[in-house]
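Here are the chains, one letter per residue:
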Amino acid sequence: MADTVREVERKYEVPDGGRLPDLTGAAGVAEVVDQGTATLDATYYDTADQRLAAHGVTLRRRTGGGDAGWHLKLPAGPDARDEIRAPLSDTLPAELAALVRSRVRDAALVPLVRLLSERDVRHLVDADGALLAELSADRVTAHRLTPEPGEPVRWTEAEVELAPGGDPALLDALEPHLTRGGVRRAAAASKLARALTETAGAGEKVGAKAKTGAKAGAPAGATAGDIVLDYVRAQIAAVVALDPAVRLEVPDSVHRMRVATRRLRSAFRSFRKVLDRAATDPLADELKWLAGELGIDRDREVLTARLEERLRELPDELRAGPVAARLGAWARERRGGTRDRLLGVLDGDRYLALLNALDALSAAPPLRPAAARPPEDLLVEAVERDYRRLAALVTTALAAPPGQDRDLAMHEARKEAKRARYAAEAARPALGRPAKAFADLMTGLQELLGDHQDSCVARRALREQAEQAHTAGESAFAFGVMYGREEVLAARREAELPALWAEASREKHRAALRRGPRRAASRR
């Protein structure tokens, strides 16, 4: 069974003949305790075209030291990686193979590099003897295995790894003491990255970084196509990167992956003047399927949390009957099997085909002639088009009588508010602060409408449980009280909608969007 460890560390290059400084007295280090030397032998695996390396992912089989086995390292932020460990075996464990599938697809994993390291280990401890960090010096010999063996390369490096739960500020505090001793921050992100670079053959592309989009602002001369493609590529990258997190049941990962699929679908629709719908419509259909599969578990999780919150709000005297036990059993029954179903989807051919199709779109985007236009006017048009659809739906909701018709209209308006928000977020690199302000307004509207929709769903579930409790001869009173409270909340949201919509629909917000491009152009 694999387990996960969060590593927070920094790597340093040590010059030939260099020595690590004594860190005693530095940044709260009371003593440096020698832990001896370990011999490590690691073989790193990747596809022949280095797809894992392109995403900053490493996969190795290592012997020696205290953690021999298979190690998969996934990026987890600045100076941080999540290391998933599995016991030593001759073949790659299935659980680790699954975690790289979104990046590897159907390509074979082959041994790329073998690294032999002589590691001197020292513990940095505080005045109470508690471990602050581990300082190691590695004398590394790298052998290239694929595409063909070459001459080995050698270097010495050091790394400082925080103790579990350590303060990342310690790395900043120790760095000046290390650099004064002659070492410098490593240029390569990992031993593997350095080995691949230094053993590369003529003309070989080494771990070409995957395109992820999400640039902070629009560069001079950027077209509408550039802005939209950056956004689309960022969402594709998010889907791929979140796949392992979903498999590992990282909190909120299912929701974030589902949001990425929704943003892609919205971009395809909102920016149809940029991307040819003949190519994007089939992808949008598949993304809708994937979002639906992700949503089964997510929607149940959200609904269960809402009902549990309503139950906690009830005074003890109103909790007639075994309401907590019934709610718990209902939640377990609804969840049963959904986890296995989702893993089956992620392991299925249909999902892989979708990822491949998204990569193909990113590599050869189906741009329409308008994609070559300057971005500002075209993106404003797209945001305003989504806004007009939203306005029609909100008008319908406000005019509908209370009940099912209004509930349905508010639900449709919620989906359109989300699309308008996503369009404004995509346009922000070109339109700047006005786009952010407009997206914030849409977010507020979406949250109000979403809370109303969640209340509608909660009331259906409460009515169902009340009927089951009554049939079993139990009191349904508590379910009725919770139903009534949800009904009051929904009515409150309906009453709040006119004022919030009046603010969101003020002409000044759309006028700011239209003025934004001219200000940006004048700055250039």
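The paragraphs below set out a description of the structure included in this document. Being a predicted model, the structure only gives us computed values, none of them experimental.

What follows deals with the overall build of the protein chain. Scanning the protein chain for helices and strands turns up 16 helices and nine strands. When its C-alpha atoms are laid out on the principal axes, the protein chain stretches across 80 × 65 × 45 Å. Taking contacts inside the protein chain between residues at least 6 apart in sequence as the whole, the part at least 24 apart equals 73%.

One pass over the structure, following the stated rule, counts 54 salt bridges. Across the salt bridge formed by Asp 299 and Arg 258, the nearest N and O atoms sit 2.8 Å from each other. Taken as a pair, Asp 299 in helix H8 (residues 277–313) and Arg 258 in helix H7 (residues 253–270) lie far apart in primary sequence, 41 residues in all. Here Asp 451 ties to Arg 493 by a salt bridge, and the two come within 2.8 Å at their closest N and O atoms. Of the two residues, Asp 451 is situated in helix H14 (residues 433–471) and Arg 493 in helix H15 (residues 477–504); the sequence distance between them amounts to 42 residues.

Let's shift gears to the pairing of strand E8 (residues 153–162). Along E8, eight of the 10 residues are buried, which leaves the element largely enclosed by surrounding structure. As judged from the six bridges shared by strand E1 (residues 3–14) and E8, these two strands associate in the antiparallel manner. Pairing of Tyr 12 across the sheet is with Ala 158, part of E8. Inspection of the sheet shows strand E7 (residues 131–144) paired to E8 by 10 bridges, in the antiparallel sense. Following the sheet pairing, Arg 139 is matched in E8 by Thr 156.

Next up on the list: unusual backbone geometry. The omega torsion across Thr 146 and Pro 147 is 10°, close enough to zero to call that bond cis. Relative to the assigned elements, Pro 147 resides in the loop between E7 and E8. Unusually for a residue other than glycine, Asp 79 sits at a positive phi of about 65°. Its place among the elements puts Asp 79 in the loop between strand E4 (69–75) and strand E5 (80–86). We classify Asp 79 as partly exposed; its relative accessible area is 28%.

Judged by nonpolar contacts, the single largest core of 74 residues is most densely connected at Val 232, Phe 268, Phe 271 and Leu 379. In contact with Val 232, not counting residues within four places along its chain, are Leu 264, Ala 267, Phe 268, Leu 275 and Leu 361.

With that settled, the discussion passes to the environment of Arg 256. Within the element layout of this structure, Arg 256 appears in helix H7. Look at Arg 256 and you get partly exposed, because its relative accessible area is 40%. Taking the C-alpha atoms as reference points, Arg 256 and Pro 147, 109 residues apart in sequence, are found 37 Å from one another.

Before going further, it helps to examine the packing of aromatic side chains. Under the definition given, this model contains three aromatic pairs. Taking the centre distance of 6.3 Å and the plane angle of 65° together, the rings of Tyr 387 and Phe 438 count as edge-to-face. Of the two residues, Tyr 387 is situated in helix H12 (residues 375–399) and Phe 438 in helix H14; the sequence distance between them amounts to 51 residues. Exposure remark for Tyr 387: the relative accessible area of 8% places this residue in the buried category.

Time to look at the packing of helix H6 (residues 224–247) against helix H11 (residues 349–363). Here H6 crosses H11 at 150°, and the two axes come no closer than 10 Å. Comparing the axis directions of H6 and H11 gives the class roughly antiparallel. Read as a crossing pair, H6 and H11 show a hand that is left-handed. Across the interface between the two elements, Val 232, Arg 233, Ile 236, Val 239, Val 240 and Asp 243 from H6 touch Tyr 351, Leu 355, Leu 358, Asp 359, Leu 361 and Ser 362 from H11. When the residues that make up the contact of H6 with H11 are grouped by side-chain class, the tally is eight nonpolar, one polar and three charged.

Within the secondary structure, Ser 190 sits in the loop between strand E9 (184–185) and helix H5 (191–198). Accessibility expressed as a relative area gives 11% for Ser 190, which makes it buried. In terms of polar contacts, Ser 190 uses its side chain to reach the backbone amide nitrogen of Ala 193, at 3.1 Å.

Right, let's talk about the pairing of strand E2 (residues 31–46) for a bit. Sheet analysis places E2 next to strand E6 (residues 110–125), joined by 14 bridges and oriented antiparallel. Along E6, the bridge assignment pairs Val 33 with His 123. Across five bridges, the pairing between E2 and strand E3 (residues 58–63) is antiparallel. Across the sheet, Ala 42 pairs through a bridge with Arg 62, a residue of E3.

Take Ala 195: it is sitting in helix H5. Take Ala 195: its relative accessible area is 0%, and that puts it in the buried class. For Ala 195 and Asp 347, which are 152 residues apart along the polypeptide, the C-alpha to C-alpha distance reads 32 Å. Residues within four places of Ala 195 in sequence aside, it is in contact with Val 113, Leu 115, Ala 142 and Trp 155.

Definitions and cut-offs
Residues numbered from 1 in each chain as written. Predicted model: local features only at pLDDT ≥ 70, side-chain atom pairs only at ≥ 80, totals over all residues. Heavy atoms only, no water. Helix = DSSP H or I, 4+ residues; strand = E, 2+ residues; numbered from the N terminus. Contact = heavy atoms within 4.5 Å. Salt bridge = Lys/Arg side-chain N within 4 Å of Asp/Glu carboxyl O. Buried < 20%, exposed > 50% of the residue type's maximum accessible area, 1.4 Å probe, protein only. Pairing = 2+ DSSP bridges. Core = buried A, V, L, I, M, F, W, Y, C linked by side-chain atoms within 4.5 Å. Phe/Tyr/Trp six-rings, centres within 6.5 Å; stacked < 30°, edge-to-face > 60°. Axes fitted to C-alpha atoms, helices over the stretch in contact; angles between N-to-C directions. Parallel < 35°, antiparallel > 145°, perpendicular 65-115°, else oblique. Left-handed = near helix turned anticlockwise from the far one by under 90°. Nonpolar A, V, L, I, M, F, W, Y, C, P; charged D, E, K, R; others polar. Polar contact = N/O pair within 3.5 Å; in protein donor to acceptor, adjacent residues only side chain to side chain.

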